[in-house]
Amino acid sequence: MTAFWTEPDYDDHELVQLVRDPKSGLTAIIALHSTHLGPGAGGTRFWHYAQPGDALRDALRLSRGMSYKNAMAGLPMGGGKAVILADAARSKTPELLAAFGDAVDALGGRYVTAEDVGISEADMVAVSARTAHVSGLPVADGAAGGDPGPFTAMGIFHGIKAAVRHKLGRGDMAGVHVAVQGTGSVGGGLARLLARDGARLTLADINQDRAAALAEELGGEAVSSDAIMSVACDVFSPNALGAILDDEGIARLEAPIVAGGANNQLARAHHGAQLAARGILYAPDYVINAGGIISVALEYLCRRDGQPCDINEVRKRIAQIPVRLEQIWQESEQTGISPDLVADRMAQKLIGR
Ligand code: NAD
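Residues numbered from 1 in each chain as written. Predicted model: local features only at pLDDT ≥ 70, side-chain atom pairs only at ≥ 80, totals over all residues. Heavy atoms only, no water.

## Focus: the overall build of the protein chain
Selection criterion: In DSSP terms, a helix is any run of H or I states spanning at least four residues, a strand is any run of E spanning at least two, and both are numbered starting from the N terminus. With C-alpha atoms as the basis for the radius of gyration, the globule rule is written as 2.2 Å multiplied by the number of residues raised to the power 0.38. Each residue gets one of three labels from its accessible area relative to the maximum for its type: buried under 20%, exposed over 50%, partly exposed in between, using a 1.4 Å probe on protein chains only. Accessible surface area values rest on a Shrake-Rupley calculation with a 1.4 Å probe, where residue burial reflects the displayed protein chains alone. Just so you know, the count uses Lys and Arg for positive and Asp and Glu for negative, and it drops His and the chain ends. In this description, the location of a charge corresponds to atom NZ of lysine, CZ of arginine, CG of aspartate or CD of glutamate.
On a plain count of helices and strands, the protein chain comes out with 13 helices and 12 strands. For a compact globule of 353 residues, the expected C-alpha radius of gyration is about 20 Å, and the protein chain comes in at 20 Å, within 12% of that figure. Looking at the protein chain residue by residue over its 353 residues, the buried ones come to 52%. Here the protein chain displays about 15,100 Å² of accessible surface, and carbon together with sulfur accounts for 51% of that area. Side chains of the protein chain give 32 positive and 41 negative charges; the mean places of these two sets differ by 3 Å.

## A few points about the packing of helix α4 (residues 149–168) against helix α11 (residues 311–318)
For clarity, the cut-off: Where helices are involved, their axes are fitted lines through C-alpha atoms of the stretch in contact, as for all axes, and angles between N-to-C directions lie from 0 to 180°. For a crossing to be left-handed, the near helix must be turned anticlockwise from the far one by less than a right angle; the clockwise case is right-handed. The criterion used for residue contact is that any of the two residues' heavy atoms lie within 4.5 Å. Side-chain classes follow a simple rule in which Ala, Val, Leu, Ile, Met, Phe, Trp, Tyr, Cys and Pro form the nonpolar group, Asp, Glu, Lys and Arg form the charged group, and the remainder, Gly included, forms the polar group.
It is at 10 Å that the axes of α4 and α11 come closest, and there the two elements cross at 35°. Here α4 runs over α11; the crossing is right-handed. On the side of α4, the interface is formed by Phe151, Met154, Gly155 and His158, while α11 contributes Ile311, Val314, Arg315 and Ile318. A per-class count over the contact of α4 with α11 returns 5 nonpolar, 2 polar and 1 charged.

## A closer look at the pattern of salt bridges
To keep things clear, this is the line we draw: Any Lys or Arg side-chain nitrogen found within 4 Å of a carboxyl oxygen on Asp or Glu counts as a salt bridge.
Taken as a whole, this structure holds 17 salt bridges when the rule is applied. Aspartate 116 is the salt-bridge partner of lysine 81, the closest N and O atoms lying 3.3 Å from each other. You can see lysine 81 sitting in strand β5 (residues 78–85) and its partner aspartate 116 sitting in the loop between β6 (111–112) and α3 (121–128), a full 35 residues away along the chain. Of the residues examined, lysine 81 reaches a relative accessible area of 4% and is grouped as buried.

## Focus on the domain arrangement of the protein chain
Heads up, the rule is: Segmentation of the chain into domains, including their bounds, is taken from an automatic or database domain assignment. Accessible surface is computed with a 1.4 Å probe, and the buried area is the amount of it that two parts give up when combined, taken over both parts together.
Along its sequence, the protein chain is organised into domain 1 (4–128) and domain 2 (149–288 + 322–350). Once you take the C-alpha centre of each, domain 1 and domain 2 turn out to be 27 Å apart. Taken together, the contact between domain 1 and domain 2 spans 10 residues of the former and 12 residues of the latter. Here domain 1 packs against domain 2, burying approximately 940 Å² in sum over the two surfaces, 61% of which is carbon and sulfur. Among the residues of domain 1 in contact with domain 2, Tyr68, Lys69 and Met72 are the three that bury the most area, contributing 67% of the side total. Where domain 1 packs against domain 2, one counts 0 salt bridges.

## A look at the pairing of β5
Convention followed: Two strands qualify as a pair provided DSSP detects at least 2 bridges between them. Assignment of crossover handedness uses the view with strands pointing away from the viewer, where a clockwise path from the first strand over the helix to the second indicates a right-handed crossover.
Counting buried positions along β5 yields 7 of 8 residues, so the element is predominantly enclosed. Bridge count for strand β2 (residues 26–34) against β5 is 6 bridges, and the pairing is antiparallel. For alanine 28, the partnering residue across the bridge sits in β5 and is isoleucine 84. Bridging between strand β3 (residues 40–41) and β5 involves 2 bridges; their strand directions are parallel. Counterpart to glycine 40 in the pairing with β5 is glycine 78. Once you follow strand β4 (residues 44–47) into helix α1 (residues 52–72) and on to β5, the crossover reads as right-handed.

What follows is the structure, encoded as structure tokens:
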């Protein structure tokens, strides 16, 4: 058996905990990558993994990504992530969520959880019955916090405008052609913001009806999910799956900019350099998609400190995303190092690695 710590995705994580509760059927992994800047914050994923090793790899990779994301967003939070291994039927019971809440609580605030794929706001409410170290809970209208999707979309929107300014020298979005892959919470919200600014939209989703309805509403065009990556456009914006920027995907791109919210867009580390070699400006995913965690983190800190959470503070911090991107692109141009690696180095410095 190979040593666990020689796993390529293990990066001297501070803690990797296996949680088993036979009574409720809970099997989960909580990974804390770094608490250098504060409690490790990152959502819980509920997913049916083909192999337990896939769940471990997901937890290791995602928690490191959260360290980088939180650091680059200027948050006083470290990086953590939890995965709950769903059974084939993906049954999620109140008992299972309660046992998970107990496991989070046992870490005494070193890990703060929230929603991720497969986990709803209602699930987080159930978890919050057992621990205070949870965020992304329902909030009053106009208050910061709650569903992170709209805040993530807001940050990507600012980031796309910065990329268009940087690469195309355009100060407005009128007629700028954006191809949006995935029209769910993030991609759908982003498309609405872009449409309001006069962008030309091409949309795709594996749920074709969803993409078609949004295209109709916003006056854009819907194409098949197979075609979206080769649409000739100004910006390709991935907001569905990770690992889409592989050899084949990059070769198909007909856009000078890639800027979207999907996590882990680069299939492998060298694909960042491959984008740069094709002259494509890349907005590192964990920098441009930090709007949601900014909201979730401030919601948590305000609740913990018994303070009201000002949505304007969230907006102000999200408006810093383009500033960070501009720093990355400038350093990349000065050094010849691709933007993803420049971002990684900046993040590593911030977390003392
Ligand atoms: P979502 O489930 O609401 O939407 C995803 C959409 O993508 C769905 O409509 C789905 O049908 C579609 N899709 C799936 N596979 C596709 C494919 N091959 N081609 C086209 N469409 C496809 O999820 P979301 O919250 O909008 O998240 C989207 C991405 O952004 C994910 O990668 C997520 O990890 C990332 N992200 C989300 C947030 C957030 O605040 N929600 C924050 C940071 C990153």
